[in-house]
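Residue-level listing of the chains:
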Amino acid sequence: MIPRYLINFDSDKIPKSVSDVLVIGSGIAGLSIALRIGADFKVTLLTKSELGETTTRYAQGGVAAAVGENDSPESHFKDTIEAGQGLCNEEAVKILVSEGPARLRELIEFGAKFDFNNGKISLSREGGHSVARVAHARGDATGSEIEATLVSLVRKNSGINIKENVFVLDLITQEDKCIGVITYKYPDEIEIFYANVVVLAAGGMGQLYKVTTNPPIATGDGAAMACRAGAEISDVEFIQFHPTAFYANENPRFLITEALRGEGAYLIDYDGNRFMLGVHPLAELAPRDIVTREMFRTMTSTNKDFLFLDATRIPIEKLKSNFPTIYRHCLDNGIDISKDMIPVAPAAHYMSGGVSSDMNGRTTLPGLYVCGESACTGVHGANRLASNSLLEGLVVSKRICDILPSEIKELKTDFEKVSVSYRLPRGYSKADVLEVRDYLQKLMTDNVGVVRTEKALKLALDAIESAEDILELEFNSVSGFELQNMILAAKLIARSAFERRETRGVHFREDFPLKDDLNWKKHSVLKLNEGKMEVSFRGLVGQPSRLS
Ligand code: FAD
Ligand code: SIN
């Protein structure tokens, strides 16, 4: 039984405020939304960390958009569909690739300093793209440039009420409509924020894995709170592992962008062989799922924890100018990438599924919109094409803002009382929380990782279910609440991965190694019904059955 709210509360006894729009999250998705409507509406932006501490900030490769001379939205469409392995929503992808170029140019007009060459946007190549299509900023510091630009604009906009270090616990619902959120701020401030519209832009859940590129904020809070509130969650079995994270005993692991392979870096094994040759015509630049799987296979068969990326044939000036962050990070760790092999291994990187929505951000829960990595619009299918994520955040945030004005009505203030008292006192210390978090991350990495089997998935599900009593306790720390969200998010992933008895995109079932369109060309849909998780499979995602 999964309880509806994370804490006991009585809404009559908690401070409240009211906004037109509440935005949860300050990555590319949340900031873009706040920025676009902050001048016209009363917007509150909530983020559980500092404004700039997001996954967006760490993005390296860039933003994919058909702006090159030898490119077209049709070609971008084709590559996205090919990578998505039969599960992309084609209408959604058409919107993504056709509106993408304008959104990229707009971001540049907002002030983000992308790299240019002879007056044209400089483009690099990444896995699964048939042409160089990825626009970047300060070489491999694209995310940092985008985040800094948007943060500075949002801070200048006095219409946006920015609330940092405020942890959103739950979406509040009444009569099956989302009417606001309840929040926690250290050490013991609880507050309610009501709004006409709530936009969830809370990012992904890479921290469910021990080996991940995602920063500590990526704990699956968005999917967990939306699920508890009754929204549908789709396609979360499709967890993408990036092939080349810098091998080190740390979490998160530092990313080595695919663009380095786009410039000519090779993947090699311990015998010095380019093992991707013969596996796929694009070799190292094959779609991410294929490269990751081959790396995993090679590592397992040779009993090694990492392989190598060889960038030594790229001129040192280019390494320094195009990949300054990577060059510096590796040097700080004793690797001169102009001379030495870079140790790399796959790491959990991106959640292709999320809260079901259409390309206007509408979820199945009236009043709730979703944008960015938290969303499942269907554009990524079973395997996201490299650098399509930042693009999705840009495209969908604009579309949400185009329709929001019609959703914003005079806000009622006579909300019914909400009272919750079923939570049990906890007996968990901070050390216990960290121990369970560590256990969960290892469980997910070992059993719900790159290669999956019925036996391993069952083991993971049983272990998650036996940890579910933790969901009934009442914590009063962010780490405790995050752990509860991680347990629920882990269950969402393990359950849908268990049910999908085929191999497709990033979901590789060793016991069902083939793609099975006849039975499984469908999207997983998870939903809580009176605290119980129900799974079904449907032909369409991004077409909510009930729109706000
Ligand atoms: P985020 O940027 O993750 O922001 C989420 C926000 O939600 C944060 O502000 C967080 O604090 C807040 N939040 C979460 N939970 C709560 C809560 N409970 N209460 C309050 N606030 C909350 N994609 C590309 O397209 N191109 C790339 O080059 C690229 N490189 C990448 C490199 C790395 C190392 C990684 C990890 C990812 C990369 N990706 C890339 C993926 C991409 O960066 C992310 O998918 C994207 O930035 C997500 O943006 P977002 O706005 O949805 O979420
Ligand atoms: C990378 O730069 O390799 C990451 C790009 C992405 O995740 O889209």
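Residues numbered from 1 in each chain as written. Chains lettered and ligands numbered in written order. Predicted model: local features only at pLDDT ≥ 70, side-chain atom pairs only at ≥ 80, totals over all residues. Heavy atoms only, no water.

Enquirer: For a negative patch on the surface, give the residues involved together with the corresponding values.
Expert: A cluster of acidic residues, Glu-175, Asp-176, Asp-414 and Glu-416, forms a negative patch on the protein surface. Inspection of the secondary structure assignment puts Asp-414 in the loop between helix H10 (388–407) and strand E21 (419–420). (Patch = residues over 30% accessible without salt bridge, like charges linked within 9 Å, V, L, I, M, F, W, Y side chains within 5 Å. Areas by Shrake-Rupley, 256 points an atom, 1.4 Å probe, with all protein chains shown as cover. Salt bridge = Lys/Arg side-chain N within 4 Å of Asp/Glu carboxyl O. Lys, Arg positive; Asp, Glu negative; His and termini not counted. Charge placed at Lys NZ, Arg CZ, Asp CG, Glu CD. Helix = DSSP H or I, 4+ residues; strand = E, 2+ residues; numbered from the N terminus.)

Enquirer: Outline the packing of aromatic side chains, listing residues and values.
Expert: The relative placement of two aromatic rings is captured by the distance of their centres and the angle of their planes. All chains considered together, the criterion is met by 11 aromatic pairs. Ring geometry for Tyr-209 and Phe-241: centres 5.4 Å apart, planes at 85 degrees, overall edge-to-face. Note that Tyr-209 is positioned in the loop between strand E12 (189–200) and helix H5 (221–228) and Phe-241 in strand E14 (residues 239–246), a separation of 32 residues in sequence. In this structure, Tyr-209 and Phe-241 share a single accessibility class: buried. Among the aromatic residues, those joined into a cluster by ring pairs are Tyr-247, Tyr-270, Phe-306 and Phe-308. Positioned over the ring face of Tyr-5 is Arg-4, at 4.0 Å from the centre of the ring. Positioned over the ring face of Tyr-350 is Arg-384, at 4.0 Å from the centre of the ring. (Phe/Tyr/Trp six-rings, centres within 6.5 Å; stacked < 30°, edge-to-face > 60°. Buried < 20%, exposed > 50% of the residue type's maximum accessible area, 1.4 Å probe, protein only. Lys NZ or Arg CZ within 6 Å of the ring centre and 35° of its normal.)

Enquirer: Just give me the short version of the site of ligand 1, but keep the residues and values in it.
Expert: In the region of ligand 1, 38 residues are neighbours, and Thr-56, Gly-62, Glu-373, Ser-389 and Leu-390 sit closest. Contact distances for ligand 1 include 3.0 Å between an oxygen atom and a backbone N or O atom of Ala-29. Between an oxygen atom of ligand 1 and a side-chain N or O atom of Thr-55, the distance comes to 3.0 Å. Notes on ligand 1: free accessible area 1000 Å², of which the protein chains cover 98%. Elements with a contribution of two residues or more to the shell around ligand 1: helix H1 (28–37), strand E10 (167–174), H5, strand E17 (342–351) and H10. Sort the elements by how many residues they give to the shell around ligand 1 and H10 lands first, with 3 residues. Partitioning the shell around ligand 1 into residue classes produces 16 nonpolar, 18 polar and 4 charged. (Near = heavy atom within 4 Å. Polar contact = N/O pair within 3.5 Å; in protein donor to acceptor, adjacent residues only side chain to side chain. Nonpolar A, V, L, I, M, F, W, Y, C, P; charged D, E, K, R; others polar.)

Enquirer: Account for the pattern of salt bridges, with residues named and values stated.
Expert: Evaluation of the coordinates by the stated rule reveals 41 salt bridges. Where Glu-99 meets Arg-399, a salt bridge forms, and the shortest distance between an N and an O atom there is 2.7 Å. Here Glu-99 is found in helix H3 (residues 90–110), whereas its partner Arg-399 is found in helix H10, with 300 residues between them in sequence. The class of Arg-399 is buried, set by a relative accessible area of 17%. The closest approach of N and O atoms between Arg-228 and Asp-170, which form a salt bridge, is 2.8 Å. Remark: Asp-170 occurs in strand E10 and Arg-228 occurs in helix H5; sequence separation between them is 58 residues. A residue is classified by how much of its surface remains accessible, and Arg-228, at 6% relative accessible area, is buried. Connected through salt bridges with shared partners, the residues Glu-454, Arg-495, Glu-499, Arg-501, Arg-509 and Asp-511 form a single ionic network.

Enquirer: Tell me about the packing of helix H12 (residues 454–466) against helix H13 (residues 478–499), residues and numbers included.
Expert: Between H12 and H13, the least distance of the axes is 9 Å, while the angle of their chain directions is 150 degrees. Judged on the interaxial angle alone, H13 and H12 are roughly antiparallel. For the element pair H12 and H13, the recorded crossing hand is left-handed. Contact with H12, carried on its side by Glu-454, Leu-457, Lys-458, Leu-461, Ile-464 and Glu-465, involves Ile-487, Ala-490, Lys-491, Ala-494, Arg-495, Ala-497 and Phe-498 of H13 and no other residues of that element. For the contact of H12 with H13, the residue count by class is 8 nonpolar, no polar and 5 charged. (Axes fitted to C-alpha atoms, helices over the stretch in contact; angles between N-to-C directions. Parallel < 35°, antiparallel > 145°, perpendicular 65-115°, else oblique. Left-handed = near helix turned anticlockwise from the far one by under 90°. Contact = heavy atoms within 4.5 Å.)

Enquirer: Explain the sheet that holds strand E18 (residues 354–356) to me, using residue names and the numbers behind them.
Expert: Two pairing modes exist for strands in a sheet, parallel and antiparallel, and in both the strands are linked by backbone hydrogen bonds. One open sheet holds the 5 strands; their spatial order is E20-E18-E13-E26-E27, and the pairing between them is mixed. Every other strand in the sheet has two partners, leaving strand E20 (375–376) and strand E27 (532–538) as the edge strands with one partner each. Of the strand pairs in this sheet, strand E13 (residues 233–234) and strand E26 (residues 523–529) are connected by 2 bridges, and their pairing is antiparallel. Paired with Ile-233 across the two strands is Leu-526, which belongs to E26. Packed onto the sheet, H13 meets E13, E26 and E27 and runs at close to 40 degrees relative to E27. (Pairing = 2+ DSSP bridges.)

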